[in-house]
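# Residue-level structural notes
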Amino acid sequence: MHLHILGICGTFMGGLAALAREAGHRVTGCDEAVYPPMSDQLRALGIELIEGFGDDQLALAPDVFVVGNVVKRGNPLMEAVLDAGARYTSGPQWLADHVLHGRHVLAVAGTHGKTTTTAMLAWILECAGLEPGFLVGGVPRNFGVSARLGRTAVRAAGECPPFVIEADEYDTALFDKRSKFVHYKPRTAVLNNLEHDHADIFPDLAAIETQFHHLVRAMPRSGRVVVNARDGALARVLARGCWSEVQRFGTRREEPGGLSARGDPQSFDVLRGSLKLGHVHWSLLGEHNQLNALAAIAAAEHVGVAPDAAAASLARFENVRRRLELRGQAGGVSVYDDFAHHPSAMRATIEGLRRDIDKRQAIAGAAPERILAVFEPRSNTMKLGTMKARLPWSLEEADLAFCLQGDYGWSAREALAPMGAQATVADGIDELVGAVVRAARPGDHVLCMSNGGFGGIHGRLLAALAHA
C-alpha cells in the first residue's frame, strides 16, 4: 500500500509514518513545518518528504491520503483530493484499522506528562521481555525512535501483544472532530491529569472532560483505568460512569488500594497502602515525574509486569528528547531544551530543576545557581492568550524570565508586567539571545521552553555564550 501523509512532520503523524514503513508500506508525505528531530528520523527511514501542500501531489496517486489534523479547508492538496474523489482517511483511523486491531492497547492520556509516561511504560514492558509496539510523541532515548511495531506474534492462547500509545485529546481531522484517542479502544488507559488546553477547539474544561468520558465509556469491563487521585477534573470524568477496574495513583498512604510514593522524587518507594511494592532510583527530576512513574507502574501491572520489576527497570530509563535535555555548556552556563508550553508544565519543569539545584547546594554548600527561563508562547492555546494571566505564576521559581513576543494578538510585556525587572520580553530571536547572554553568568542554568524549534535558540545561545 502507498500512503501519502499530509502533515507528516507532526509527532503523531511522523510516528504513524514510521510504523507504516516498518510494516512494509510505501510512505511519502508533505508538510510545511519541517524541523528535527522528526524530519531527521523520517529521512533516515527513507521516507520522501515534500515541502508544502501543492495540489500537484495528487499525481502521486497513492492508495490512500492520510490526513493530519493540521490540514484545514483551503489547503490546496486537500481541496484537490476532495475534488478528485480520492480515497482519504485520518491518521488515528488508519492506525486503529492497520496497527492497533488485535493488540492490547495501553493508552496514556492527560494534559501533561503523556510523552514521558508513554516512554516509561514502553520501557518497562521492554525490560519485562514483552517487546511492545509503541507510538510516542517524541523520541525516547532508550529506543532512539518515536514508534515501532513491536512483537505482533501471539505467544499464548488469548494473548494480545501490547502496544503503548500516547493518547491525545486533540481533534482527529477536519472531517472527524472527535478526540484522537477515541479511535484507539484501549484495554488499559492512564489518565494523568486534566486542565483546560487546546483552547482553539475546546471552549472550556467541561468540554474536554466529555471527551475523556467518551474514552472511558468505551473501555471493556476487563480493562483498567489508571487515574491520578489528586485531580478533581478526572474525578468528575469517572463520576459520569466507569465500567472498568480503577487503579488510583498519587493517593494518601493511608488509603488502601492506591499507589503512592515515599521519598524524594529521585529515590522513592512505591507503596500500595502501607505495603512497599518496589523502589525507584533514577535521574529524572520533579514530583511530576514521580507521579508519571506511579502511573506507568500501575499500567504495566495490568499486562502482568510486577511492580517491583517495573520500578527497578526505571533506573535505566533515559527519558525523552526535549525533556529537560542538556544541549550543552559554554562559558560555565548550562543550556537546556524542554517541550513545556502550558503554564502548569512550565512551572513543574522549573520546580523540578530548582529542587535539584537546592538539594545539590545543601549537600555541597556550593555558590548559588540561578535559573534563567526562556520561552515562547507558541501553542495554539497560548497564542490565543487563554493562559497569559498564569504566566507570572508559571515562572515565579525562575530567577529571571525571557519571553519571545510573537504575533499573538496580545502583549507579553503586559502579561509579565507583575514580574517587574525579573522578566524581559524581546521582539526577535537575536534580541532575545542578546538579552540572555548579557544576563547570564557562570553557574547559571538557561532553560529554553517551547513546543517548536524556537528558531534554533539553543545553538545560538551556546555559540554566543562561548564568545561572550
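Everything below is about the structure shown above.
In short, a report on the structure.

## Overview of the overall build of the protein
- Helix and strand content of the protein: 15 helices and 23 strands.
- In terms of overall dimensions, the protein is globule-like: its C-alpha atoms have a radius of gyration of 22 Å, near the 23 Å expected for 468 residues.
- Expressed as a percentage of its 468 residues, the buried residues of the protein come to 59%.
- In the protein, of all internal contacts separated by at least 6 residues, the share reaching a separation of at least 24 is 64%.
- Distance from the positive charge centre (48 side chains) to the negative charge centre (52 side chains) of the protein: 5 Å.

## Brief notes about the sheet that holds strand E18 (residues 325-330)
- Taken together, the six strands give an open sheet; going across it, the order is E18-E19-E23-E20-E21-E22, and neighbouring strands pair in mixed fashion. This sheet does not close on itself; its edge strands, each paired only once, are E18 and strand E22 (423-426). Each strand of the sheet is rotated relative to its neighbour by a mean of 20 degrees, with strand direction disregarded.
- Inspection of the sheet shows strand E20 (residues 371-375) paired to strand E23 (residues 445-449) by five bridges, in the parallel sense. Bridging across to E23, Val374 finds its partner in Cys448.
- The strands that helix H14 (residues 429-439) touches are E20, strand E21 (400-404), E22 and E23; relative to E21, the one it contacts most, it runs at about 170 degrees.

## Some words on the sheet that holds strand E3 (residues 48-51)
- The strand order across the open sheet formed by five strands is E3-E2-E1-E4-E5, and the pairing between neighbours is parallel. Each of the sheet's edge strands pairs with one partner strand only, and the pair in question is E3 and strand E5 (88-90). Pairwise comparison of adjacent strand axes, ignoring direction, gives a mean angle of 25 degrees for this sheet.
- Pairing of strand E1 (residues 2-6) with strand E2 (residues 26-31) involves five bridges; the strand directions are parallel. Counterpart to Leu3 in the pairing with E2 is Val27.
- Across the face of the sheet, helix H4 (residues 91-100) comes into contact with E1, strand E4 (64-67) and E5 while running at roughly 90 degrees to E5.

How each quantity is defined
Residues numbered from 1 in each chain as written. Predicted model: local features only at pLDDT ≥ 70, side-chain atom pairs only at ≥ 80, totals over all residues. Heavy atoms only, no water. Helix = DSSP H or I, 4+ residues; strand = E, 2+ residues; numbered from the N terminus. Rg over C-alpha atoms; globule rule 2.2 N^0.38 Å. Buried < 20%, exposed > 50% of the residue type's maximum accessible area, 1.4 Å probe, protein only. Contact = heavy atoms within 4.5 Å. Lys, Arg positive; Asp, Glu negative; His and termini not counted. Charge placed at Lys NZ, Arg CZ, Asp CG, Glu CD. Pairing = 2+ DSSP bridges. Axes fitted to C-alpha atoms, helices over the stretch in contact; angles between N-to-C directions.

The values are spatial; any link to function lies outside them.
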